[in-house]
Every structure is written in structure tokens, then in C-alpha cells.
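Chains, contacts and geometry: an overview
Residue strings, one per chain:
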Amino acid sequence: MKTMKCVVLALVALGVAFTTGCERHSNKEVFYMISSNMALPYWQTAAKGFNKAAAEYKVTAKVVGPENYDPQAELAELQKAVAAKPGGILISVADVSVLGPAIDSAIGAGVPVITIDSDAVGSKRLFFIGTNNLEAGRMGGHRVVEQLGGSGNVVFFTISGQPNMEERLKGFKDVLDTRPNIHIVDVIDIKSDARTAFDKTQELMTLTGPKKINAFVCLESASGKMVSDAIKRTSATDRVLVAWDVNQDTLDGIKGGTINSTVAQKPFTMGYIGLRSLDEIFHAPPPSLTTDYSQDAFSPFPVFIDTGTSLVDKRNVDAYIASAQAHQ
């Protein structure tokens with residue numbers, strides 16, 4: 001009887017050991033999300049997705065990066081993250097010339113890196129999760145053509161050097177270049193300061209006749225409201241403003257009629273899928289991180305995960321407002 005009791009206890013102990021040892025996740029597993037402009041609602045939404053996936057998997061998520069556009073500060077955060085030897089890093093690339101070599105160094109050190117929102121083509125990152133920015137730009141370009149009736153002057157607001165915005169601009173140009181009566185007058189680098197967009201719009205609104213600006217396009221999320229406010233101050237109602245992303249003030253502007261439309265991305269989804277992808281790589285690592293999987297027909301990774309885009313205007317803005325309120 002005593003022998004049987006000892007056997008039972010041993011089996012119970014062994015079962016506990018197997019159960020504990022076979023648990024997939026641990027809060028000792030650490031994953032980083034890194035970006036610039038972390039003060040923007042867009043990146044706060046992406047962080048929510050990243051943190052939600054971490055909570056579901058019971059792993060540790062760390063979201064870091066400068067509050068404004070600062071590629072060098074983002075580089076410093078990336079280097080600190082690599083030194084901590086995390087399970088993986090999800091990063092939005094503010095400037096590929098600054099961050100590309102550091103991404104390659106991270107891969108060389110055995111840390112998986114996936115890009116999000118803004119890619120680093122040519123680096124050794126494993127793959128990209130985000131918007132098809134070229135097609136999103138083309139979507140916006142067709143909207144501008146439709147609203148202008150095929151003729152007019154257009155000004156863009158962007159942040160120079162960011163790969164995602166360069167692709168968006170190219171998408172717009174692909175469409176607008178087919179319309180000889182639509183002219184791109186200027187592409188203004190706001191240098192991550194939305195007040196620049198306000199000031200420039202005020203200046204541009206004074207132009208009349210053949211120099212009149214008929215449409216304003218924002219290729220990033222911060223300047224939509226600023227441009228809208230500058231237009232409102234002139235009481236003009238004949239200008240087209242196409243914004244980017246679904247900040248609450250942008251949705252309010254569409255609802256109120258001061259913003260014509262916006263191109264909606266899915267930052268929450270990017271963060272959520274990003275952490276899940278890093279977790280999978282951590283638990284089922286490839287034979288090598290340094291292989292160029294983009295040229296491997298039997299690659300375990302995609303080249304690109306498109307999280308989707310849509311055009312928001314008065315027809316569907318209420319649905320986006322309701323969704324934002326439900327997830328506050």
C-alpha cells in the first residue's frame with residue numbers, strides 16, 4: 001500500500017512537471033514594438049493591438065520610441081532593445097538609411113525583426129506588416145480626380161524620408177499624372193510638425209486665379225485637422241481636403257463637412273498580428289534568420305502581410321465613429 005502511494009505521488013509530481021514544462025508562453029518572453037511619433041493616436045492604437053496580443057499570450061510587451069519624428073532617437077531605442085536580447089522586435093522605419101543597418105545588425109545578433117507600417121526594403125528584416133501604401137495612394141488619387149472633376153491644382157503634406165509616405169505619394173502621382181489638367185503644385189515636408197501644415201495652408205489659401213489651390217492631401221495623420229482649421233478660417237467651401245487615417249478629429253471633420261475623405265489604415269491590426277508573428281518565430285525559429293527569404297520559393301515567411309485600407313467619407317463615417325467609441 002505504501003509502495004502504491006509512493007508511485008501515485010511520483011506520477012502526480014511527474015504530471016505537474018510535464019504540465020509546467022509544456023506551457024508555451026511565459027512573461028519572461030519579451031517582445032518590443034518601436035516607432036517614432038509615439039505621441040500620435042495612430043501609434044497609441046497600434047500599441048493597443050500589440051499589448052492585447054501580449055496579454056492573450058501572457059508574454060511581456062514593451063512599446064518604446066520617441067514621441068516625435070526622430071530617427072536617431074528611434075535608432076537608440078532599437079540598439080537598446082537588441083542589447084536586451086528579446087524574443088523579437090516589431091519596428092516602423094522612420095528613415096531606412098538610419099535604421100536599415102541596425103536592423104541588419106539585430107538579425108545578425110539572432111534577434112528576429114519584422115517591420116510594421118513603414119518598411120525597410122533592402123534590409124534583412126524577415127517581412128513587412130502594414131498597408132499597401134502604393135495602392136492606398138492610388139485610391140486617394142482616384143478620389144482627388146473624382147472630386148476635382150479632372151482639373152485643378154493640388155498640394156501635398158508629407159514627412160520626407162519615410163518610406164511609407166514616399167510610396168503613398170508615388171501612388172497619387174501614378175493616378176494624377178494621367179490627368180494633364182491636374183497639377184501638383186508642391187509637396188511640403190512638415191518635418192513632423194503639424195503646425196507647419198496650418199501655416200502653409202493659410203498662405204496657400206490666399207492664392208487666386210490660375211494659382212488657386214483646389215485640393216490639399218495629407219499623407220500622414222497629424223496634419224488633417226490643421227489643414228481643415230486653416231481652410232475654415234477663410235470660410236471657403238470649394239476646396240477638397242483628403243486626409244490620412246481615422247483620428248477622432250479627422251472623423252469629426254468628415255462628419256462636419258470640412259474634410260472630404262480620409263484613407264483608413266489598421267494600426268491595431270498591425271500591432272496585434274505583429275506580436276503574434278514574432279511569438280510564432282520565437283517558438284518555431286527558422287534554420288537561419290539571415291537567409292534572403294524573399295528569393296526562397298519554400299520560405300516559411302510571406303514578403304508582406306497587407307492589413308488593408310479603405311476610403312472613409314460621409315457615406316460610412318458613422319460606422320468608423322461607432323467603432324472608435326466602442327474601443328475606447
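Structure shown above.
Residues numbered from 1 in each chain as written. Predicted model: local features only at pLDDT ≥ 70, side-chain atom pairs only at ≥ 80, totals over all residues. Heavy atoms only, no water.

Turning our eyes to something else, we now look at the packing of helix H9 (residues 248–256) against helix H11 (residues 317–326). One can describe the packing of H9 onto H11 by two numbers: an axis separation of 10 Å at closest approach and a directional angle of 150 degrees. If you check the angle between H9 and H11, you find them roughly antiparallel. The chirality of how H9 crosses H11 is left-handed. In this structure, H9 contributes Gln248, Leu251, Ile254 and Lys255 to the contact, and H11 contributes Val317, Asp318, Tyr320, Ile321 and Ala324. Of the residues contributing to the contact of H9 with H11, the split by class is 6 nonpolar, 1 polar and 2 charged. (Axes fitted to C-alpha atoms, helices over the stretch in contact; angles between N-to-C directions. Helix = DSSP H or I, 4+ residues; strand = E, 2+ residues; numbered from the N terminus. Parallel < 35°, antiparallel > 145°, perpendicular 65-115°, else oblique. Left-handed = near helix turned anticlockwise from the far one by under 90°. Contact = heavy atoms within 4.5 Å. Nonpolar A, V, L, I, M, F, W, Y, C, P; charged D, E, K, R; others polar.)

To continue, consider the sheet that holds strand E2 (residues 60–64). Read from one edge of the open sheet, 6 strands run E2-E1-E3-E4-E5-E11, paired in parallel fashion. The open sheet has two free edges, formed respectively by E2 and strand E11 (304–306), since each of these has just one partner strand. Across the sheet, the mean angle from the axis of one strand to that of its neighbour is 20 degrees, orientation sign disregarded. As paired strands, strand E4 (residues 113–116) and strand E5 (residues 128–130) are joined by 2 bridges and run parallel to one another. Considered in E5, the bridge of Ile116 is made with Ile129. Each of strand E1 (30–34), E2, strand E3 (88–91), E4, E5 and E11 touches helix H10 (residues 267–283); the most contacted strand, E3, lies at about 155 degrees to it. (Pairing = 2+ DSSP bridges.)

This part is about the sheet that holds strand E12 (residues 310–312). Within the open sheet, the 6 strands sit side by side as E7-E6-E8-E9-E10-E12. Their pairing is mixed. Bordering the open sheet on either side are strand E7 (182–189) and E12, each of which pairs with just one other strand. With strand direction ignored, the average angle separating the axes of adjacent strands in the sheet is 20 degrees. Here strand E9 (residues 240–244) runs beside strand E10 (residues 261–264); their pairing, made up of 3 bridges, is parallel. Paired with Trp244 across the strands is Val263, a residue of E10. Contacts between H9 and the sheet are confined to E9, E10 and E12, with E10 contributing the most and set at about 145 degrees to the helix.

As a further point, take the nonpolar core. Leu78, Ile89, Phe157 and Phe216 are the most contacted members of the largest nonpolar core, which totals 70 residues. Considering each element in turn, this core owes the most residues, 8 residues, to helix H2 (residues 41–57). The contact partners of Phe157, leaving out residues within four places of it in the chain, are Ile188, Ile190, Ala197, Lys200, Thr201, Phe216, Val217, Cys218, Leu219, Glu220, Ser223 and Val227. Formed by 19 residues, the second largest nonpolar core is a distinct cluster that contains Ala136, Leu148, Val217 and Trp244. (Core = buried A, V, L, I, M, F, W, Y, C linked by side-chain atoms within 4.5 Å. Buried < 20%, exposed > 50% of the residue type's maximum accessible area, 1.4 Å probe, protein only.)

Moving on, we get to the packing of helix H5 (residues 133–148) against helix H6 (residues 163–176). Where H5 meets H6, the closest approach of the two axes is 7 Å, and the angle between their N-to-C directions is 40 degrees. Taken together, H5 and H6 sit at an angle that is classed as oblique. Considering only the axes of H5 and H6, their crossing is right-handed. Taken together, the residues of H6 that come into contact with H5 (itself represented by Asn133, Leu134, Gly137, Arg138, Gly140, Gly141, His142, Val144 and Val145) are Asn164, Glu167, Arg168, Lys170, Gly171, Phe172, Asp174, Val175 and Leu176. Along the lines of polarity and charge, the residues of the contact of H5 with H6 split into 6 nonpolar, 7 polar and 5 charged.

Glancing now at H10. When the terminal C-alpha atoms of H10 are compared, their 25 Å separation across 17 residues agrees well with the 24 Å that a helix rising 1.5 Å per residue should span. By the burial criterion, the buried members of H10 are Pro267, Met270, Gly271, Tyr272, Gly274, Leu275, Ser277, Leu278, Asp279 and Ile281. Each element contacted by the buried residues of H10 is listed here: E1, H2, E2, E3, E4 and E5. (Expected span 1.5 Å × (residues − 1).)

One pass over the full model with this rule turns up 16 salt bridges. Here Arg143 makes a salt bridge to Glu146, at a shortest N to O gap of 3.4 Å. On the criterion of helical spacing, the pair formed by Arg143 and Glu146 is a turn pair, its members being 3 residues apart in helix H5. A relative accessible area of 8% means that Arg143 is categorised as buried. (Salt bridge = Lys/Arg side-chain N within 4 Å of Asp/Glu carboxyl O.)

With that settled, the discussion passes to the side chain of Glu29. On the secondary structure map, Glu29 appears in the loop between helix H1 (2–21) and E1. Glu29 sits in the buried class, given a relative accessible area of 10%. Excluding residues that lie within four positions of it along the chain, Glu29 makes contacts with Arg24, Val59, Thr60, Asp279, Phe282 and His283.

Taken as a whole, the largest pocket spans an internal volume of roughly 960 Å³. In terms of lining residues, the largest pocket is bounded by 31 residues, among which Thr45, Val246, Pro267, Ala324 and His327 are the most central. Within the residue set of the lining of the largest pocket, elements represented by two or more residues are H2, helix H8 (223–233), H9, H10 and H11. Counting residues per element, the lining of the largest pocket draws most heavily on H2, at 5 residues. Among the residues making up the lining of the largest pocket, the classes are represented as 13 nonpolar, 13 polar and 5 charged. Of the voids in this model, the second largest pocket is the one considered here, and its volume is about 390 Å³. Lining the second largest pocket are 26 residues, and of these Asp119, Val121, Arg125, Ser294 and Val303 lie nearest its centre. Within the lining of the second largest pocket, the residues separate by chemical class into 9 nonpolar, 11 polar and 6 charged. (1 Å grid on protein atoms, 1.4 Å probe; cavity = no way out; pocket = protein on both sides within 12 Å on 5 of 7 lines; lining within 4 Å. Points joined across faces, edges and corners; volume = space filled by probe spheres on them.)

Shape descriptors only; they carry no functional weight alone.
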